[in-house]
Amino acid sequence: MFHRQNHCSVSIHQSRKKHSFPVSSAIMCWLRAVSLISVIFLACTNGGQPSYKSQPIQRKPEYKCIESNLQYDCVFYDVHIDMQTRNVRFGFEDDTLNNQKNITFKNSTMRKLPAALLASFRQVELLDLNGLQIEEIDTYAFAYAHTIQKLSMSNNNLERIEDDTFQATTALQNLQLSSNRLTHVDLSLIPSLFHVNVSYNLLSTLAIPIAVEELDASHNRINAVRGPVNVELTILKMQHNNLTDTAWLLNYPRLIEVNLSNNELEKITYHHFVSMQRLERLYVSNNRLVVLNLYRPIPTLKVLDLSHNHLMWVEHNQAQFDKLQYLYLDHNSIVTLKLSTSHTLKNLTLSHNDWDCNSLRALFINVARPAVDDADQYCKIDYHLEHGLCCKESDKPYLDRLLQYIALTSVVEKVQRAQGRCSATDTINSVQSLSHYITQQGGVPLQGNEQLEAEVNELRAEVQQLTNEQIQQEQLLQGLHAEIDTNLRRYRLPKDGLARPSENLNKVFTHLKERHAFKLRETQARRTEADAKQEETEDLEQENIALERQLDNKNTMQILLRQQTLLKRQKIKQLLAKLSKHRPI
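In this text, all values refer to a predicted model and were calculated from it rather than measured experimentally. (Residues numbered from 1 in each chain as written. Predicted model: local features only at pLDDT ≥ 70, side-chain atom pairs only at ≥ 80, totals over all residues. Heavy atoms only, no water.)

### Comments concerning the confidence of the model for the chain
Logical step 1: Averaged over all residues, the pLDDT of the chain equals 82, while 82% of them reach at least 70.
Logical step 2: Taken as a whole, residues 1-56 scores under 50 in pLDDT and shows 24 contacts with residues more than four places along the chain or in a different chain. (pLDDT = per-residue confidence, 0-100. Contact = heavy atoms within 4.5 Å.)

Below, the structure is given as structure tokens:
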């Protein structure tokens, strides 16, 4: 083959010298050579055999960042990754184009978070992965996440996060993992964290990082809290868990707000709060409290919520109660309460208790009625309304109630011993009553068990739906509260922890209005200044036009003077010439 190509080259050279070889033959020879080279190339690329059929190319999933908005400089749309997706690629081949710092996803699903995302985008500071149905995180998904500061992975299906997942995220400060199915995540292995939200999961143990400032672990199954001493933690939300003690609070002496509502606590003792010098808000409603022992007051405490518990005797806590601003004692079994005339309470709830009337009268000598923010409506037998609360007259309140409880218990036990838990007499009477009722109803059909079960299942489904809606509303409300706090920090506005979120939001709106008004005033001033500059410019332009006209007139006069000067010089020459002719020789 190569010999034939060389022959063609020689023939063409000879044709140029002797002009005996046709040009068309030379071209055909070159074409044959090119064809042979193509056949050789195809044969090499197809295992030695030439092939003229195109092979199907399997394209790898590629997602490029081509859109942005005010919050994110990279918005991925329609990304769909399942557990079987392999070799996915994010971004451009030129890494200099993948320098975005704020990334989010829209209209996307990602069953497994691949390592390719942050392997391409290595300058990310904010990564929003909310609502992508993530079930699993690739082992090396965060291997290159050295710059990431805020990570949003809420509303997914994560069940477990391995201990080495965030090993490389040394700059991670804000971690959002709420509304997943997590049973394990060791937050103490991420020492850089400042803000964490793991609410609405299935955690049974909470490991608190060493420097976290705000932690929301509400709505889990937590019964144990561990971690090193943390002097940065200020807000801790642990409501709706399975906590049974508070001894672990000793590791967090700088707390300002603690929410332990809806747990299984039976006692609150001062010993677990002895090191706290900043605590302002303590919420322990809806527990099983029977003991409250804060005889040594927490000096900074302003809000104490003890509602919906089983407290009966709280008189040892008067010193603490006197220093509070908000105290909630409703829905307990409290008999007596004492407050001094120097108390600082602004709001007090007392309804649904077991008040002794004499104690209640003494209490309202020192407590103004407007401070009490609730009231009873209906009272039990032997109780009556006084100061809007149900109370009972007795000489020795606690002794009388104890004797009454013993008497009732004795009567119940005697009846049970006499008739048994399910006596034959009661059974016969019940059967006879049921038979009599059926006879009276005649042909009225009674509902069968299947129909009742269907109704029960329907009611359960509705209850579950309402529960889910309530959870969603709580999450939405929580998100709004977080957004309010974010805006307060953004505009450097002080947050009033005792005020309602709406009041803090009004503070943001007021600030924005004032800021907007300032901008309007500044804009108006700049417009006035611009108008003055415009007028000054127009005056200068008019003056410039006038000067240009004067210059044009002077130039014209200068031309005329030059012409006149030239004419006069010519006349002078003529006169000198005549004069020279008339001079005597």
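### Focus on a negative patch on the surface
Logical step 1: A surface patch of negative charge is lined by Asp531, Glu535, Glu536, Glu538, Asp539, Glu541 and Glu543.
Logical step 2: One can find glutamate 541 in helix 9 (residues 501-582).
Logical step 3: By relative accessible area, which is 46% here, glutamate 541 ends up partly exposed. (Patch = residues over 30% accessible without salt bridge, like charges linked within 9 Å, V, L, I, M, F, W, Y side chains within 5 Å. Areas by Shrake-Rupley, 256 points an atom, 1.4 Å probe, with all protein chains shown as cover. Salt bridge = Lys/Arg side-chain N within 4 Å of Asp/Glu carboxyl O. Lys, Arg positive; Asp, Glu negative; His and termini not counted. Charge placed at Lys NZ, Arg CZ, Asp CG, Glu CD. Helix = DSSP H or I, 4+ residues; strand = E, 2+ residues; numbered from the N terminus. Buried < 20%, exposed > 50% of the residue type's maximum accessible area, 1.4 Å probe, protein only.)

### A word on the nonpolar core
Logical step 1: Among the nonpolar cores identified, the biggest contains 95 residues, and Phe76 and Phe321 are the most heavily contacted of them.
Logical step 2: If you list the elements that add at least two residues to this core, you get strand 2 (74-77), strand 5 (102-106), helix 3 (116-120), helix 5 (357-366) and strand 26 (389-392).
Logical step 3: The biggest single contributor to this core is helix 5, with four residues.
Logical step 4: Excluding anything up to four places from it in sequence, phenylalanine 76 contacts Tyr63, Lys64, Cys65, Phe90, Ile103, Thr104, Phe105, Lys106, Ser108, Leu117 and Phe121.
Logical step 5: In this structure, Ile484, Tyr491, Leu493 and Val508 belong to the second largest nonpolar core, which totals five residues. (Core = buried A, V, L, I, M, F, W, Y, C linked by side-chain atoms within 4.5 Å.)

### Describing the side chain of asparagine 317
Logical step 1: On the secondary structure map, asparagine 317 appears in the loop between strand 21 (303-305) and helix 4 (318-322).
Logical step 2: A polar atom in the side chain of asparagine 317 sits 2.6 Å from the backbone nitrogen of leucine 294.
Logical step 3: Residues contacting asparagine 317, with those up to four places away along its chain left out, are Leu292, Asn293, Leu294 and Tyr295. (Polar contact = N/O pair within 3.5 Å; in protein donor to acceptor, adjacent residues only side chain to side chain.)

### Here we look at a nonpolar patch on the surface
Logical step 1: Side chains of Leu399, Leu402, Leu403, Tyr405 and Ile406 sit close together on the surface and give an oily, nonpolar patch of about 510 Å² of accessible area.
Logical step 2: Tracing the backbone through its elements, the reader meets tyrosine 405 in helix 6 (residues 397-419).
Logical step 3: Residue class for tyrosine 405 comes out exposed when judged on its relative accessible area of 57%.

### Regarding unusual backbone geometry
Logical step 1: Look at glutamine 133: it is not a glycine, yet its phi comes out positive at around 65 degrees.
Logical step 2: Turning to its location among the elements, glutamine 133 is positioned in the loop between strand 8 (126-128) and strand 9 (136-137).
Logical step 3: On the basis of relative accessible area, glutamine 133 is assigned to the partly exposed category, the value being 32%.
Logical step 4: Even without glycine at this site, histidine 240 takes up a positive phi of about 60 degrees.

### Overview of the state of the cysteines
Logical step 1: Per the stated rule, a full pass over the model turns up three disulfides.
Logical step 2: Through a disulfide, cysteine 65 is tied to cysteine 74; the S-S separation comes to 2.2 Å.
Logical step 3: Look at cysteine 74 and you get buried, because its relative accessible area is 0%.
Logical step 4: A disulfide bridge connects cysteine 357 with cysteine 391, and the sulfur atoms are separated by 2.1 Å. A torsion of 95 degrees about the S-S bond marks the disulfide between cysteine 357 and cysteine 391 as right-handed. Taken as a pair, cysteine 357 in helix 5 and cysteine 391 in strand 26 lie far apart in primary sequence, 34 residues in all.
Logical step 5: Residue class for cysteine 357 comes out buried when judged on its relative accessible area of 0%.
Logical step 6: With a relative accessible area of 0%, cysteine 391 lands in the buried category. (Disulfide = S-S within 2.5 Å.)

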